[in-house]
Amino acid sequence: MDRLPTDQLMALDRRHVWHPYAPMPNTGPVFAVRSAQGVHLELETGERLVDGMSSWWTCIHGYNHPRLNRAAQEQMGRMSHVMFGGLTHQPAVQLAHRLVQITPEPLQQVFFCDSGSVAVEVAMKLAIQYWHNRGEPQKQHFLTIRNGYHGDTFAAMAVCDPVNGMHHLFRNSLVEQYFADAPQIPFEGVWDEKDIASFETILQCHHREIAAAIFEPVVQGAGGMRVYSPQYVRRARELCDQYGVLLILDEIATGFGRTGKLFACEYADVTPDILCVGKALTGGFMSLAATLTTEHISETFAQGEAGVFMHGPTFMGNPLACAVALENLNLLESYDWAARIQAIETQLKQELTPCRDLPAVKDVRVLGAIGVVELHEPVDMAVVQPQFVQHGVWLRPFGRLVYTMPPYIIEPGQLRQITQAIHTILS
Ligand SMILES: *Cc1c(COP(=O)(O)O)cnc(C)c1O
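None of these values were measured; they are calculated from a predicted model. (Residues numbered from 1 in each chain as written. Predicted model: local features only at pLDDT ≥ 70, side-chain atom pairs only at ≥ 80, totals over all residues. Heavy atoms only, no water.)

A.B. asks: Quick one: what's the story with the packing of aromatic side chains, residue by residue and with numbers?
C.D. replies: Scanning all chains against the criterion turns up twelve aromatic pairs. For the ring pair Phe111 and Phe309, a centre distance of 5.4 Å and an interplane angle of 85 degrees mean the geometry is edge-to-face. Of this pair, Phe111 sits in strand β4 (residues 107-113) while Phe309 sits in the loop between α10 (295-298) and α11 (319-333); the two residues are 198 residues apart in sequence, bridging distant segments of the chain. Judged by relative accessible area, which is 12%, Phe111 ranks as buried. Seen in terms of ring centroids, Phe199 and Phe215 are 6.2 Å apart; in terms of plane orientation they differ by 85 degrees. Their pairing is edge-to-face. Taken together, the residues span a long stretch of sequence, with Phe199 in helix α7 (residues 197-206) and Phe215 in strand β7 (residues 210-215) at a distance of 16 residues. For the pair formed by Phe199 and Phe215, the shared burial category is buried. Aromatic ring contacts, followed pair by pair, group Trp191, Phe199, Phe215, Tyr228 and Tyr232 into a single cluster. Positioned over the ring face of Trp131 is Lys139, at 4.5 Å from the centre of the ring. (Phe/Tyr/Trp six-rings, centres within 6.5 Å; stacked < 30°, edge-to-face > 60°. Helix = DSSP H or I, 4+ residues; strand = E, 2+ residues; numbered from the N terminus. Buried < 20%, exposed > 50% of the residue type's maximum accessible area, 1.4 Å probe, protein only. Lys NZ or Arg CZ within 6 Å of the ring centre and 35° of its normal.)

A.B. asks: Report on the nonpolar core, specifying residues and quantitative values.
C.D. replies: Of all hydrophobic cores here, the largest spans 119 residues; its most connected members are Leu95, Leu99, Phe112, Phe199, Phe256 and Ile422. With ten residues, the top contributor of residues to this core is helix α5 (residues 116-133). Shared between two domains, this core holds at least three residues of each, these being domain 1 (31-64 + 336-426) and domain 2 (70-333). Residue contacts for Leu95: discarding those within four places in its chain leaves Phe112, Leu281, Leu288, Cys322, Ala325, Leu326 and Leu329. (Core = buried A, V, L, I, M, F, W, Y, C linked by side-chain atoms within 4.5 Å. Domains from an automatic or database assignment. Contact = heavy atoms within 4.5 Å.)

This is the structure:
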């Protein structure tokens, strides 16, 4: 591939390329990355930035990791892809087996997906088809909680926060789902049953038509970066059982250690009926996600009208992605990741807490390797983004939130660079 001069690259980018949640032509600041190594992004213009985003929760072991590169190269030498209909292979089977081993015990079956949104679509379709298989075809709706984020495809969008997700734009194409109030009790707060009252009321009134509840346990990501009481998750599980509704937990953001537990549902000691994972699964190498189910769910499919689960992506179980994901999980097991997350959490608490005293700041919250500074007013991205780059760090605030979820390999001095930039710029 011939390289374009930077100014031409940027002009063509603005003219022809959509970016996530960006206008066209793109008027916001965009920076071209030449390469990435460890915790650093290297720009075409020469700057070297400490990455505070892990490329949206994914790149937990840093960029250009030699072990992930080697896993990909070895797999490429055999095959980068084959169809999954009627064929299987070492990487997919071994990865499925590993996922079953590291997730809560009742989860035994793995459906591989291309992205997190598809993993959520698959989870929702599994829930609907499960009830159909059991002779309850009227159970086709979903209960979720406000401030959630589950992806950008239609079924996933219908369970995203209706305000953040601008549901009215898509009104006639979106199925209307049930929204419980967002949990208010913080992670270490004293539990109060009132927090889950609206969740319970919806189940009481509508459980006959609800297939499943779906939400992000303990940490809500892109819908508001909120951290809430594990007791909410525990009570939600009990209520789902009481009212005959499945529980889908979306751990696409929280999975693989980010919150300090391998999966955030462990804080609540809760097992979902269906679990979605993605994002950090390949260590940020490429897109791969998975939906896990219990035997109780999968065994109903043989007797169902269709006899099979009605889903099958073209690139399902891509061998390259599975091989890299397996090596990423080997990597995670090869060191004391929990101690690393604990150290990051301690440092984030120490260094972000002083932001509380700034007039612009409303709240600071930290859990695991996630640090969030919530402001009173939305940030002006066009101003703030270049300021972070000038401070040598890569952060991508949105709305009233400035937040970081760095790679687990970040050194204390590099993390301090991020927290200092946040404090200085918000001052
Ligand atoms: C990112 C995310 C998704 C969507 O994943 P994509 O890979 O972007 O489709 C779904 N749920 C949660 C909780 C996420 O953080």
